[in-house]
Amino acid sequence: MTVTLEVSDRVGTIRLDRPPMNALDVAVQDRLRELAEEAGRRDDVRAVILYGGEKVFAAGADIKEMREMDHAAMVARSRALQESFTAVARIPKPVIAAVTGYALGGGCELALCADVRIAADNAKLGQPEILLGLIPGAGGTQRLARLVGPSKAKDLIFTGRQVKADEALAMGLVDRVVPAAEVYEQAHAWAARLARGPALALRAAKESVDAGLETDIDTGLTIERTWFAGLFATEDRERGMRSFVEDGPGKAEFL
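Note that the structure is predicted; figures quoted are calculated from it, not measured.

What counts as what
- Residues numbered from 1 in each chain as written.
- Predicted model: local features only at pLDDT ≥ 70, side-chain atom pairs only at ≥ 80, totals over all residues.
- Heavy atoms only, no water.
- Helix = DSSP H or I, 4+ residues; strand = E, 2+ residues; numbered from the N terminus.
- Polar contact = N/O pair within 3.5 Å; in protein donor to acceptor, adjacent residues only side chain to side chain.
- Contact = heavy atoms within 4.5 Å.
- Phe/Tyr/Trp six-rings, centres within 6.5 Å; stacked < 30°, edge-to-face > 60°.
- Buried < 20%, exposed > 50% of the residue type's maximum accessible area, 1.4 Å probe, protein only.
- Expected span 1.5 Å × (residues − 1).
- Pairing = 2+ DSSP bridges.
- Axes fitted to C-alpha atoms, helices over the stretch in contact; angles between N-to-C directions.

Peer 1: Tell me about the side chain of S84, and name the residues and values.
Peer 2: On the secondary structure map, S84 appears in helix α3 (residues 71–89). A distance of 3.0 Å separates the side chain of S84 from the backbone oxygen of Q29, its partner in a polar contact. Setting aside anything within four residues of it in sequence, one finds S84 in contact with Q29, D30 and R33.

Peer 1: Explain the packing of aromatic side chains residue by residue, including any values.
Peer 2: Here the structure, examined in full by the defined rule, presents two aromatic pairs. Relative to Y184, the ring of Y51 lies with its centre 4.7 Å away and its plane at 40°, an arrangement referred to as tilted. Here Y51 is found in strand β3 (residues 47–51), whereas its partner Y184 is found in helix α8 (residues 183–195), with 133 residues between them in sequence. Overall, the relative accessible area of 27% leaves Y184 in the partly exposed class. Taken together, a centroid distance of 5.5 Å and an interplanar angle of 75° make the contact between F228 and F232 edge-to-face.

Peer 1: Talk me through the environment of G220; I want residue IDs and the actual numbers.
Peer 2: In this fold, G220 is placed in helix α10 (residues 217–230). Residues G220 and V209, spaced eleven residues apart in sequence, show a C-alpha to C-alpha distance of 8.1 Å. Discounting chain neighbours no more than four positions away, the residues touching G220 are G212 and T215.

Peer 1: Tell me what's going on with α8, and back it up with residues and numbers.
Peer 2: Along an α-helix, residues three or four apart share an orientation, since each turn contains 3.6 residues. Between its first and last C-alpha, α8 extends 18 Å over 13 residues, near the 18 Å set by a 1.5 Å rise per residue. Burial in α8 covers these residues: V183, A187, W190, A191, A192 and A195.

Peer 1: If you had to explain the sheet that holds β3 to someone new, which residues and values would you point to?
Peer 2: Overall, mixed pairing links the six strands, which are arranged β1-β2-β3-β4-β6-β9 in an open sheet. The open sheet has two free edges, formed respectively by β1 (3–8) and β9 (176–178), since each of these has just one partner strand. Averaged over all pairs of adjacent strands, the angle between strand axes in this sheet comes to 20°, irrespective of strand direction. The pairing of strand β2 (residues 11–16) with β3 spans five bridges and is classified as parallel.

Next comes the structure, spelled out in structure tokens:
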């Protein structure tokens, strides 16, 4: 399989495995959607890692495949392309991208679907579609601008240039830079920590932030308020508050 989902200790790893560069062809896109939806449904998955292996995250779309598509074919395909990535972005659990090597074009767009991005010190990220006479088509013009701001996003999209890990960190494109050999280990540690947390509260936090960014402040506050009050009906809230009163902060164990 070109994409797999491996689960251990309530952490699911969605692994790209299409050597040599994890090119994101139609089969990979469709499989990503299937596994993102599966990870969202499974009770034994509480956090998710996106990983392309030790050498490369994903170097972009399969250009040979795309070259054979005409306008009509891409009109038919473009929605499915975006929906595959949106399925990853909408996993109702914490998602972290462990970025090694190249994350270009669709690879960068996939990393943008995560909540947090840890990059190797040798990673390179970018949106080089303009060099093909195209623009990003899997969410890059939207998610990148929301993450780093429109000016920085336009710089990357207009020029197609690649940025090294240190520049990506400075502009907010990634959240942490670590030695290449430690990328997956540190991503797993982050995911495992959150996998032990209150699942419903984490879902509420993610949906409140993501939905709030798409609307005005008053609507966002309504979303927050609704989730906040709703969590008072959960066992996790009872468990967390009881532990705080009886044992002190930060000691609650959630199911």
